[in-house]
Amino acid sequence: MDVNSHAEELASDLGVDKEEVKADLQNLLEYSVPIDEAKQSVRRKHGGGGGGSTPTPDSVDVDEITTDHDGVTVTVRVLTQGTRTIRYQGDDLTIREGEIADETGVISYTAWQDFGFEPGDSLTMGNAGVREWEGEPELNLNDSTTVAIADETVEVDQEVGGDRSLVDIAAGDRGRNVEVRVLEVDEKTISGRDGETEILEGVVGDATAKLPFTDWQPRSELEPGADLRIEDVYVREFRGVPSINLTEFSTVTPLPDPVEVAEDAPRLSVADAVASGGMFDVEIVGNVLEIRDGSGLIERCPECGRVVQNGQCRSHGDVDGEDDLRVKAIVDDGTDTVTVVLDDELTAEVYGGGLDDALDAAKDAMDKEVVAEAIADSLVGHAYRVRGNLSVDDYGANLDASEFALADDDPADAARAALAEVGE
Ligand SMILES: [Zn+2]
């Protein structure tokens, strides 16, 4: 059910205006308040009472839970737990989130109060609410939920605890623990909900990958070269890649031994990289199929840096564009395609000249397109090793290249060389 249908149902129950109910609901949902709780709150506001008593639901297996259930009783093992503060009706509320499992499967949960359980505990949770979260059912543990120690240990296939290598970290993860070396740190001032706030942004690495991080409570331990165990982080998508977030609940402990950091980016097929939903510092190898429009000599808005078309910026209208070089190349490795984006420096390398050379060439030809055409002539049909940050959205996958080099293990080149020898 969407907000509209919930609002309609509530409004007709309570006999009040639907738009008013909808506005109240939306306001609560913006603060991540579960729909059931939001509805109860709106009910109370309009004098509709608490919604009656709930019979104790039957026990179910985790893999049977659907969003059609109002409430369930499950016997599960706690896999992970993360702690976070959200703002709820003007107050800061500490919630706990993570995953629980039984023999049949895994489900995520949000606990709206501290039940005192930890990863590894085997528990029976009575009358847990079910809500939909990112298309999947999720358990909602609230003040009508009971939590008791289970009679026996619940055996599960999944790893208990939040320790993960960086390569296994994904957006949406909660309560993760990582052991990393801090590679880069920048101090930043942002305007948050409580005014100007100092934060740290940077990059951490381990033997499997590198990832960006944000520390919302700047800690002095996070300095370049520090080897740290960081517990209770959550992961969200930032500029299309997973980003590690440290909160007031995260703990940072220096490690006695240095953390080995991967020199190379993990190499994935394009299909696997795209399926990950976004990756920081990944490597792919594929053939350039074509160069897309908006490559070569381009103009950018001086205000926001967006590419200007016909003198128009999407945000700033009529602007005096600044010349720049860029390539958007479609690269295919047989499993899928990705748009590889080269910045001005990498473009100058593949073009064999900088911005001034490109402007001269365009002037001589009286046509800007000669630059993109020259780049297409040199790239299309060749295999390249590309390293960079991959972001995936509704419009496709983009790989912002930090390295772009002819692949030495190019199967197409090898085939051509063999043909040439036969021809001689
Ligand atoms: Zn602009």
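Residues numbered from 1 in each chain as written. Predicted model: local features only at pLDDT ≥ 70, side-chain atom pairs only at ≥ 80, totals over all residues.

### Structural notes on the overall build of the chain
Then, number 1: Helix and strand content of the chain: eight helices and 20 strands.
Then, number 2: If you line up the chain on its principal axes, its C-alpha atoms span 85 × 55 × 45 Å.
Then, number 3: A buried classification covers 31% of the 424 residues belonging to the chain. (Helix = DSSP H or I, 4+ residues; strand = E, 2+ residues; numbered from the N terminus. Buried ≥ 20, exposed ≤ 12 C-beta atoms within 10 Å, placed from the backbone.)

### Describing helix α7 (residues 369–379)
Then, number 1: Considered for burial, the residues of α7 that qualify are Val371, Ala372, Ile375 and Leu379. Viewed along the axis of α7, the buried residues span an arc of 95°, placing them on a single side of the element.
Then, number 2: Looking at the buried side of α7, the elements it contacts are β13 (278–291), β14 (296–300), β17 (322–332), α5 (344–351) and α6 (355–365).
Then, number 3: Phi for Gly381, located one or two positions after α7, is positive at around 95°. (Arc of directions from axis to C-beta. Contact = placed C-beta atoms within 7 Å.)

### What to know about the sheet that holds strand β11 (residues 227–238)
Then, number 1: On the basis of which strands lie adjacent, the closed barrel formed by five strands has the order β8-β9-β10-β12-β11 and mixed pairing. Ignoring strand direction, the axes of neighbouring strands in this sheet form an average angle of 40°.
Then, number 2: The pairing of strand β10 (residues 210–215) with strand β12 (residues 241–254) spans three bridges and is parallel. Opposite Asp215, over in β12, you have Leu246 as the bridge partner. (Pairing = 2+ DSSP bridges. Axes fitted to C-alpha atoms, helices over the stretch in contact; angles between N-to-C directions.)

### Remarks on the domain arrangement of the chain
Then, number 1: Domain parsing of the chain yields domain 1 (3–45), domain 2 (62–149), domain 3 (166–254) and domain 4 (270–415).
Then, number 2: A C-alpha centroid distance of 45 Å is found between domain 2 and domain 4. (Domains from an automatic or database assignment.)

### Observations regarding the environment of Asp318
Then, number 1: On the secondary structure map, Asp318 appears in strand β16 (residues 317–318).
Then, number 2: C-alpha of Asp318 to C-alpha of Val308: the two residues are 10 residues apart in sequence and 9.1 Å apart in space.
Then, number 3: What Asp318 contacts, discounting residues up to four positions off in sequence, is Gly311 and Gln312.

### Details of unusual backbone geometry
Then, number 1: Even without glycine at this site, Asp281 takes up a positive phi of about 55°.
Then, number 2: Judged by local crowding, Asp281 falls into the buried class, with 21 C-beta atoms found within 10 Å.

### Topic: the packing of helix α1 (residues 3–14) against helix α2 (residues 18–30)
Then, number 1: Running from N to C, α1 and α2 cross one another at 130°; their axes reach a closest spacing of 9 Å. Overall, the two elements α1 and α2 adopt an arrangement that is oblique. As α1 packs across α2, the resulting crossing turns out to be right-handed. Contact residues: Val3, Asn4, His6, Ala7, Glu8, Leu10 and Ala11 in α1; Lys18, Val21, Lys22, Leu25, Gln26 and Leu29 in α2.
Then, number 2: Here the residues of the contact of α1 with α2 are counted per class, giving seven nonpolar, three polar and three charged. (Parallel < 35°, antiparallel > 145°, perpendicular 65-115°, else oblique. Left-handed = near helix turned anticlockwise from the far one by under 90°. Nonpolar A, V, L, I, M, F, W, Y, C, P; charged D, E, K, R; others polar.)

### A short note on α5
Then, number 1: Residues Leu346, Thr347 and Tyr351 constitute the buried set of α5. Mapping the buried residues of α5 onto a view down its axis gives an arc of 135°, with all of them on the same face.
Then, number 2: Following α5 by one or two positions, Gly352 has its phi on the positive side, about 85°.

### Brief notes about the nonpolar core
Side chains of a nonpolar character, in soluble globular proteins, are inclined to be buried together.
Then, number 1: Ile284, Val340 and Leu399 are the most contacted members of the largest nonpolar core, which totals 56 residues.
Then, number 2: No other element matches β13, which puts seven residues into this core.
Then, number 3: Not counting residues within four places of it along the chain, the set of residues in contact with Ile284 comprises Arg267, Leu268, Val270, Ala273, Asp333, Val338, Val386 and Leu399.
Then, number 4: Of all hydrophobic cores here, the second largest spans 19 residues; its members include Ile107, Ala111, Leu139 and Val156. (Core = buried A, V, L, I, M, F, W, Y, C linked by C-beta atoms within 7 Å.)

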